[in-house]
Amino acid sequence: MNIGPLGAMGRVLEFPRRRVSEPGEVVDDWGRDPGLVRQLAALSQLRWSVTVGGDQHLPRRKGALVVVNARRFALAPIFAAFAIGEAVDRPVRFVGRSDSAPLGPLGRRIGGLLDHPDEVFGALRAGELVVLGAEASTGLRQVGYVGRIKHEHVGAATAAGVQVFPAATMSSPFGRGARVEIGQATRPSRRRRGPLAELELADHLRDEIVRLLDEMGEIRTGTPIDWLPLSGLGGH
Amino acid sequence: MGGRRVFVSGVGSELGTLVTGMLEAEPWVGSLAGIDADPPRRRLPKTTFHRIPPDQHDRIVETITRFNPHVLVHIGVWEPDARASPKMARMLTDQAATSMIGAAAEGPAIEHLVVRSGIEIYGRGRNSLTRPDETAPIRPTSEWGRMVAEIEHIAARVSARVGVSVGAVRLAPVLGPHVPSPLGRMLRNPVVPFSVLADPPFAVIKDHDAARAIVAAAREGLAEPVNVVASGAVTCLQALRRGRRVPFPLIGPDWQVAKALSYLFGSPIPDHVAEVLHRGRLADNGRMAELLGVVPESTTSDVIDELYGWPSIIRQPARVVAA
């Protein structure tokens with residue numbers, strides 16, 4: 001994933017030539033454009049240098065839901081989807097595209113799904129890897145906070161019979177360094193017959209993401225305080 | 001299972017002729033009959049053809065009840081601006097659906113209905129699912145979508161009254177060398193408008209794959225809807241680049257001018273095709289193999305490539321009789 005800013009720039013500059021010289025490229029079943037994603041992933045490396053850990057937990061072919069923490073304007077589900085996609089070398093979708101032009105169609109071209117449980121269910125049943133962001137935290141005071149996870153989407157994963165993975169994301173508004181750490185598949189703590197299962201699973205996922213964030217152990221506040229050698233303090 | 005009587009409505013269309021030709025080769029089919037306003041496109045040696053317009057209800061009822069089919073395959077639908085204007089297409093489709101399905105319900109032997117429907121039935125309203133499966137709500141947003149929804153509604157009513165099973169084959173836009181398709185016709189124009197802000201993806205199905213799916217639905221006794229869509233998708237701009245056509249980018253109000261010009265050049269853009277260009281049209285084909293036992297042989301990009309490979313007009317020189 002980390003090819004450096006110069007390498008990323010080279011890939012981005014190559015984009016127009018490839019668009020002209022490869023007219024045969026088509027979108028996939030969900031409207032994702034692999035060529036465009038490749039180039040935008042390269043472009044995103046100008047902004048983020050993402051390290052992915054724990055990707056060996058993800059299934060190689062089957063569908064799975066990866067739930068990440070998010071911060072407002074940090075585009076965590078998008079950069080996580082790009083980074084995981086490059087790490088596991090298969091298409092990764094993210095939940096939360098708009099349905100209005102021009103952002104909606106652009107979101108669809110880079111792997112976005114509508115924020116609807118049926119849409120998530122369809123993708124998971126079709127064997128896709130889907131990244132879902134928790135409710136975004138809003139300020140520096142909420143560093144380390146994990147927002148509400150939509151239990152309807154977790155329910156869609158349960159209904160589709162796929163595994164659900166917690167993942168912690170960390171990025172800074174100013175720095176390039178970013179990290180995605182994927183945990184092991186989360187299972188419900190007890191068997192339920194009704195919708196309580198998805199509620200409990202969503203809560204459990206939230207706890208797991210908090211634990212992963214704690215284990216990452218660095219402070220990323222997005223302020224000059226990040227430059228101080230305080231990483232030994234831990235937490236977020 | 002052998003010796004079943006199968007009746008095909010709409011046998012004169014390209015798809016109807018393909019389906020009937022395949023049914024002739026099926027071992028479980030005992031006798032075959034078909035009805036349409038136009039004769040079949042090819043020779044169908046084992047099929048009895050009745051040329052009856054869809055408004056002649058009495059003759060249709062008499063013909064179908066006399067044949068007393070076990071299975072009715074209803075393909076007699078008119079896509080707007082394919083062979084008829086939208087208004088005429090609506091009228092003919094309604095008449096055919098009411099007459100054919102109603103007549104089949106009168107036959108004592110009828111056990112199964114297969115109706116040709118379309119994925120336009122799901123509609124493309126705001127926040128509608130990208131790839132609706134068969135359980136998605138039916139909210140058509142085009143004339144063609146409402147027409148196929150009405151056909152399914154009529155078939156469901158008959159099913160409830162008479163107690164026969166009904167299978168709806170929801171086809172993606174059908175393309176083929178001889179299929180009259182407003183989408184295919186538009187894409188083959190030398191200059192084609194596309195929505196530069198949206199350029200959404202769509203999927204299609206080849207006529208041969210559509211026919212195989214309909215035959216499989218009749219054979220398997222399909223008793224629910226199924227999406228029949230080729231794998232993959234393509235956007236309008238990508239299709240035009242594959243066909244080496246000139247793309248003409250449009251944003252909004254200029255679409256009205258483009259539609260009028262396209263109409264004048266003999267390639268009208270009905271609302272369901274305009275919807276494809278603005279909102280896209282995909283559907284989940286994941287249950288095809290399970291319900292029908294067949295999967296499409298051609299992907300969407302294959303069909304688009306073939307679309308541009310089919311000759312426009314084959315000119316045959318007049319035969320001169322030797323003196």
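A quick note: this is a predicted structure, and the numbers were derived from the prediction, not measured.

A. Broad picture of the overall build of chain B. From N to C terminus, chain B includes 11 helices and 13 strands. The C-alpha radius of gyration computed for chain B amounts to 20 Å, which stays within 12% of the reference 20 Å derived for 323 residues, consistent with globular compactness. Considering only C-alpha atoms, chain B reaches an extent of 70 × 55 × 35 Å along its principal axes. Long-range contacts, defined as pairs at least 24 residues apart, comprise 80% of the intrachain contacts of chain B with a sequence gap of at least 6.

B. Representation of the confidence of the model for chain B within the structure. Taken as a whole, chain B shows an average pLDDT of 93; of its residues, 99% reach a score of 70 or greater. The ipTM assigned to the predicted complex is 0.85, against a pTM of 0.88.

C. Expanded view of the interface of chain A and chain B. Counting residues at the interface gives 21 residues for chain A, matched by 25 residues for chain B. Those elements giving two or more residues to the side of chain A that touches chain B turn out to be helix H4 (103–109), strand S4 (112–114) and helix H5 (117–125) of chain A. When residues in the side of chain A that touches chain B are grouped by element, the largest group, 4 residues, is from H5 of chain A. Tallied by class, residues from the side of chain A that touches chain B come to 10 nonpolar, 4 polar and 7 charged.

D. Fine view of the nonpolar core. Counting residues in each nonpolar core, the largest one holds 158 residues, and the members touching the most others are Val66, Val67 and Ile84 of chain A together with Ile214 of chain B. Leaving out residues up to four positions away in the same chain, Val67 of chain A has contacts with Leu132, Ala134, Ile149, Val164, Pro166, Ala167, Leu205 and Ile209 of chain A.

E. Representation of the sheet that holds strand S3 (residues 47–51) of chain B within the structure. All names here are of chain B. Overall, parallel pairing links the 7 strands, which are arranged S3-S2-S1-S4-S5-S6-S11 in an open sheet. Here the strands that pair on one side only, and so sit at the sheet edges, are S3 and strand S11 (225–228). The average undirected angle you get between the axes of adjacent strands in this sheet is 20°. Sheet analysis places strand S1 (residues 4–9) next to strand S2 (residues 29–36), joined by 6 bridges and oriented parallel. Looking at the pairing, Val6 lines up with Leu32 of S2.

F. How the structure looks around the sheet that holds strand S1 (residues 49–53) of chain A. Residue and element names in this part refer to chain A. Reading across the sheet, the 7 strands line up as S1-S7-S6-S2-S5-S3-S4 and stay open at both edges, with mixed pairing between neighbours. Two strands in the sheet have a free side with no partner beyond their single neighbour: S1 and S4. The average undirected angle you get between the axes of adjacent strands in this sheet is 30°. Bridging between strand S2 (residues 64–68) and strand S5 (residues 129–133) involves 5 bridges; their strand directions are parallel. Each bridged residue has a counterpart across the sheet, and for Val67 the counterpart in S5 is Leu132. Running at roughly 130° to S4, H5 makes contact with S2, strand S3 (92–97), S4 and S5 of the sheet.

G. Representation of the packing of helix H1 (residues 14–24) of chain B against helix H6 (residues 207–220) of chain B within the structure. All names here are of chain B. Packing of H1 against H6 brings their axes to within 9 Å, and their N-to-C directions diverge by 55°. Looking at the two axes, H1 sits oblique to H6. The chirality of how H1 crosses H6 is right-handed. On H6, the residues touching Glu14, Leu15, Leu18, Val19, Met22 and Leu23 of H1 are Asp207, His208, Ala210, Ala211, Arg212, Ile214 and Val215. The residue makeup of the contact of H1 with H6, split by class, is 9 nonpolar, 1 polar and 3 charged.

H. Main features of the environment of Gly243 of chain B. Residues and elements named next belong to chain B. With respect to the element layout, Gly243 can be found in the loop between helix H7 (236–242) and strand S13 (246–250). The exposure class assigned to Gly243 is partly exposed, which follows from the 18 C-beta atoms found within 10 Å. Measuring from C-alpha to C-alpha, the distance between Gly243 and Met22 comes to 31 Å, with 221 residues separating the pair along the chain. Among all residues touching Gly243, those that are not within four sequence positions of it are Leu187 and Tyr308.

I. The pairing of S2 of chain B, seen in detail. Residue and element names in this part refer to chain B. Of all 8 residues in S2, 6 are buried; the element is thus mostly enclosed. Once the chain exits S1 it traverses H1 before rejoining the sheet at S2, and the crossover so formed is right-handed. By the bridge criterion, 5 bridges tie S2 to S3 in an arrangement that is parallel. Each bridged residue has a counterpart across the sheet, and for Ile35 the counterpart in S3 is His50.

J. View of the packing of helix H2 (residues 57–67) of chain B against helix H3 (residues 86–106) of chain B. Residues and elements named next belong to chain B. At a minimum axis separation of 9 Å, H2 and H3 run at an interaxial angle of 40°. Between H2 and H3, the angle is such that the two are oblique. Crossing of H2 against H3: the hand is right-handed. Along its contact with H2, which presents His57, Ile60, Val61, Ile64 and Thr65, the element H3 presents Ser99, Met100, Ala103, Ala104 and Glu106.

K. The arrangement of H2 of chain B in detail. Residues and elements named next belong to chain B. Among all positions in H2, only Ile60, Ile64 and Phe67 are buried. Buried residues of H2 fall within an arc of 65° about the axis and therefore sit on the same side. Exposed residues on H2 whose side chains face more than 90 degrees from its buried face are Asp58 and Arg66. Residues of H2 that are buried in the fold lie against S1, S2 and H3. One or two residues past the end of H2 sits Asn68, with phi positive at roughly 50°.

L. Representation of the confidence of the model for chain A within the structure. Residues of chain A with pLDDT of at least 70 account for 82%, and the chain-wide mean is 83. Counting interchain partners and residues more than four positions distant, the pLDDT-below-50 stretch residues 230–236 of chain A has 13 contacts.

Cut-offs and rules
Residues numbered from 1 in each chain as written. Chains lettered and ligands numbered in written order. Predicted model: local features only at pLDDT ≥ 70, side-chain atom pairs only at ≥ 80, totals over all residues. Helix = DSSP H or I, 4+ residues; strand = E, 2+ residues; numbered from the N terminus. Rg over C-alpha atoms; globule rule 2.2 N^0.38 Å. Contact = placed C-beta atoms within 7 Å. pLDDT = per-residue confidence, 0-100. Nonpolar A, V, L, I, M, F, W, Y, C, P; charged D, E, K, R; others polar. Core = buried A, V, L, I, M, F, W, Y, C linked by C-beta atoms within 7 Å. Buried ≥ 20, exposed ≤ 12 C-beta atoms within 10 Å, placed from the backbone. Pairing = 2+ DSSP bridges. Axes fitted to C-alpha atoms, helices over the stretch in contact; angles between N-to-C directions. Parallel < 35°, antiparallel > 145°, perpendicular 65-115°, else oblique. Left-handed = near helix turned anticlockwise from the far one by under 90°. Right-handed = clockwise from strand over helix to strand, strands pointing away. Arc of directions from axis to C-beta.

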